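Listed below, chain by chain, are the residues.
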Amino acid sequence: MTTQSDTTRTDDTRTDNTRGDSARSDGARTVLVTSATGKTGHRVAAGLEARGVRVRAGSRGGSRGGSRGGAVRLDWEEPETWGPALDGADAAYVNYYPDLAAPGAEEAMRTFGRLAAEREVRRLTLLSGRGEPEAVRAEEALRAAGPELTVVRAAFFAQNFDEGLLAEGVAAGAIAFPAGGTAEPFVDVDDLAEVVVETLLGDEHVGMVHELTGPRALTFAEVAAEITRAAGREVVYVPMTEGEFAGMLTGLGLSEPEAAWLAALFTALLDGHNTPVTDGVKRVLGREPRDFSAYAARAFGGS
């Protein structure tokens, strides 16, 4: 949320870390970045541009005309925008909204993959979630469409505490969430973006699934303590039931069905099955992932 078949290899099959200019010269020259204004999208776009790649930034607010580079309109709720956004691209970073586990995601990925194949888009990197069976079905639908595919399955984003769903609560001093005492190995989105860039530019990642986590798992109470230390002000964790969280979301303006679905998704993901850490970041980048305390210092140290 940002979470094997015979055609998929988990990242524990990787033993090399080939990187650098050779990947840049062999990789894509024009990359479509979907959801380019989001937490991962703008970081991926910046990383690609730093490597000399022409980025096409796809978003709901993008230009309808489109160009080989620049901003283009791509709205996940308007399939008619997908093909024009893909025109002329060599590769694409696929970050589906609202989530690959959402109803309709499997068919959306099937359609997007077909459009990419028709336009000879050679390579796709898909952002997925750990431990989401529905997301795996969406992954398989995109894989079956034909372009080279790499899947990046991510743990819960650390940046959700300052850029996303939980930022307002953190600012007010309370993290209200249905996680109980479950520990989660929060991944830094800066690490994730670097991994995505490598998968788009390096041929050795084609066909692989990389599971990304931080270096240790923390409970939400421990997260609150980390933020408290970094910010110099108290932030507490407030456990909620699934129903209480859904009610809070409707109070924030979500429809009842959307709130119920989102609350059920978080409850299912935070039942402990995603607690183990992986070495996916190190296998791709050749270094350890950033720790949550480092993220907290950057995000809250000046608050």
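Residues numbered from 1 in each chain as written. Predicted model: local features only at pLDDT ≥ 70, side-chain atom pairs only at ≥ 80, totals over all residues. Heavy atoms only, no water.

A. View of the pattern of salt bridges. Applying the stated criterion across every chain, the model contains 27 salt bridges. One salt bridge connects R114 with E118, and the closest N-O pair in it is separated by 3.1 Å. Here R114 and its partner E118 are both found in helix α4 (residues 105-118), 4 residues apart, which amounts to about one turn of the helix. Among the salt bridges present, the one from R119 reaches E118, with a minimum N-O distance of 3.7 Å. Of the residues examined, R119 reaches a relative accessible area of 26% and is grouped as partly exposed. Connected through shared salt-bridge partners, R43, E163, D188, D190 and R298 make up one network. (Salt bridge = Lys/Arg side-chain N within 4 Å of Asp/Glu carboxyl O. Helix = DSSP H or I, 4+ residues; strand = E, 2+ residues; numbered from the N terminus. Buried < 20%, exposed > 50% of the residue type's maximum accessible area, 1.4 Å probe, protein only.)

B. Region of interest: the side chain of T213. Relative to the helices and strands, T213 is located in the loop between β10 (208-212) and β11 (218-219). One polar contact links the side chain of T213 to the main-chain amide nitrogen of T278, over a distance of 3.0 Å. Aside from chain neighbours lying at most four places away, what touches T213 is R130, A155, P185, F186, V187, P276, V277, T278, V281 and P289. (Polar contact = N/O pair within 3.5 Å; in protein donor to acceptor, adjacent residues only side chain to side chain. Contact = heavy atoms within 4.5 Å.)

C. Structural context of the pairing of strand β7 (residues 148-154). Of all 7 residues in β7, 6 are buried, a share of seventy percent or more. What joins strand β6 (residues 123-129) to β7 is helix α5 (residues 133-144), and the crossover it makes is right-handed. Strand direction decides the pairing type here: β7 and β10, joined by 4 bridges, are parallel. If you follow R153 over to β10, its bridge partner there is E211. (Right-handed = clockwise from strand over helix to strand, strands pointing away. Pairing = 2+ DSSP bridges.)

D. Main features of the confidence of the model for the chain. Looking at the chain, the pLDDT average stands at 89 and 88% of residues meet or exceed 70. In this model residues 3-27 is a low-confidence stretch, pLDDT under 50, and it forms 57 contacts with partners more than four residues away in sequence or in other chains. (pLDDT = per-residue confidence, 0-100.)

E. Spatial organisation of the nonpolar core. Core analysis: the largest hydrophobic core is formed by 31 residues, its most contacted members being F161, I175, F177, F186, F220, I227 and F292. Where this core is concerned, the elements lending two or more residues are β8 (174-177), α8 (220-231), α9 (242-251), α10 (256-269) and α12 (292-300). No other element matches α8, which puts 5 residues into this core. Ignoring any residue separated from it by four or fewer positions in sequence, one finds F186 in contact with F156, F157, A158, F161, T213, G214, R216, L218, F220, V223 and F292. (Core = buried A, V, L, I, M, F, W, Y, C linked by side-chain atoms within 4.5 Å.)

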